[in-house]
Structures are given as structure tokens and as C-alpha cells.
Amino acid sequence: MSTTSSSGAIASPSFQPTRPDHLIAYGFGAGLSPMAPGTMGTLVAIPIYLVLAHLPGLAYLVALAVLIGVGLWACDKVAAEMGEDDPPSIVWDEIVGFLVAMAAAPVVSLAWILMGFLLFRLFDIYKPWPVSWTEKRFKGGLGIMADDLVAGAMTWVVLTLMAMIVSASLGHGVATIAH
């Protein structure tokens, strides 16, 4: 559905909420925020996490895999229509990256959500290695999502270590991940 101008550039499509690929890629419209669309996308991930967090561990991972697969398709399709590698308005990558991170939360609580949110945003914004390496390595839907999945995995590691420290300090031994 992309249009081409006389210069040959692809015109950016407007958000079409009736299209599933647009709803997904734009994070249900969060990516349209004029300020900090990635942060808005991560905020959209919180209620999704609150629903998924009550699933058993394997079901959480299966749901996450489905959301990643759907995101690869939607992000690739919408970015191609826009003619950009990683448009800021595409925020599904932030949503699934946060869900990857929160798989490590030992309990569903405001404190763990806030810590996961802050760590994930720091890794996503500042892109330390290997996030920066991943961002440069891949293109298309995979390129859009890969760096956020790595930022989510890095957050997962930090949250896991934090959960272990908290659990050990409370005399509970090694923390057991709730999912």
C-alpha cells in the first residue's frame, strides 16, 4: 500500500487501526506519541505482562514466542511500507523486549515492574554491547526487534541476579522464578 513520489521515495503510510500489522507494529498506537514513543511502547507492555505473568512458565514462553513471531511479520511489513530500517513509531520491539525482561521477575509486584522497566529502557536507549552489535547486524523486522530482544535478555540477567540476591538476603536460598 505504499505510494511512491516522483522522486522515487516511499511515502510514509498513516496509522490504520483496522490493519492488524499496524496495530501490532505501532503498539496499539503508542508509537504515534510525539515524545518518547519507545517509552510509551514499553508502558503498553506492562498490562500485557500483567496478563501473561499469571501463566505457567512454559505457557509464558510460548505466548512470548508467538508475540515475537507476530512482531517480526508486522514490523517488517510496516517498516518496508515506510521505507525505513527502524522507524521510531514502530514499538512492538519494546513491548516484547520488556516481556523478555520480565520473565525473570520472581513475583508480580510494582517494585519488580519498575526495576524491569528502568533497566530495560536504559539498555534499549544506551545500547551497550551486545545490544549495539545486534542493532547493526540485522535488517528488516528482525533488525527492528533483535536489539530490543537482547536488551530484554540483558535486563532478564540483571533481574535474575537481583532476585537471587534478595532471596539469599531474606534467607530463602536461591530465588525461584515465579513463571
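Cut-offs applied
Residues numbered from 1 in each chain as written. Predicted model: local features only at pLDDT ≥ 70, side-chain atom pairs only at ≥ 80, totals over all residues. Heavy atoms only, no water. Helix = DSSP H or I, 4+ residues; strand = E, 2+ residues; numbered from the N terminus. Buried < 20%, exposed > 50% of the residue type's maximum accessible area, 1.4 Å probe, protein only. Contact = heavy atoms within 4.5 Å. Salt bridge = Lys/Arg side-chain N within 4 Å of Asp/Glu carboxyl O. Expected span 1.5 Å × (residues − 1). Phe/Tyr/Trp six-rings, centres within 6.5 Å; stacked < 30°, edge-to-face > 60°. Patch = residues over 30% accessible without salt bridge, like charges linked within 9 Å, V, L, I, M, F, W, Y side chains within 5 Å. Areas by Shrake-Rupley, 256 points an atom, 1.4 Å probe, with all protein chains shown as cover.

> Describe the overall build of the chain, naming the residues involved and giving the relevant values.
Of the regular secondary structure elements, the chain holds seven helices and zero strands. Starting at the N terminus and ending at the C terminus, the chain contains elements arranged as α-α-α-α-α-α-α. A buried classification covers 46% of the 179 residues belonging to the chain. Residue pairs at least 24 apart in sequence account for 70% of intrachain contacts in the chain once pairs closer than 6 positions are excluded.

> Go over the pattern of salt bridges, please, and point to the residues and values.
Applying the stated criterion to the full structure yields seven salt bridges. The partner of D124 in a salt bridge is R121, with the nearest N and O atoms 2.6 Å apart. With a gap of three residues between them, D124 and R121 both fall in helix α5 (residues 110–126), about one helical turn apart. Given a relative accessible area of 4%, D124 falls into the buried group. We classify R121 as buried; its relative accessible area is 10%. In the salt-bridge network here, residues are joined through shared partners; they are R121, D124, K127, E135 and D147.

> Would you mind going over α5 in detail, with residue names and values included?
Here α5 spans 24 Å end to end across 17 residues, near enough to the 24 Å set by a 1.5 Å rise per residue. Within α5 the residues assigned to the buried category are W112, I113, G116, F117, L119, F120, R121, F123 and D124. Check the buried side of α5 and you find it contacts α2 (37–52), α4 (92–102), α6 (131–137) and α7 (140–169). Immediately downstream of α5, the backbone of K127 shows phi near 50°, a positive value.

> How would you sum up the packing of aromatic side chains? Please name residues and give values.
With the rule as written, the count across this model stands at three aromatic pairs. Both rings, one in Y49 and one in F98, keep their centres 6.3 Å apart while their planes meet at 85°; by these two values the pair is edge-to-face. With Y49 in helix α2 and F98 in helix α4, this pair connects stretches of sequence that are 49 residues apart. Residues Y49 and F98 agree in their burial class; the two are buried.

> Explain a nonpolar patch on the surface to me, using residue names and the numbers behind them.
Together, L58, L61, V62, V66, V70 and W73 line one region of the surface with nonpolar side chains, adding up to about 570 Å² of accessible area. Locating L61 in the fold gives a position in helix α3 (residues 57–82).

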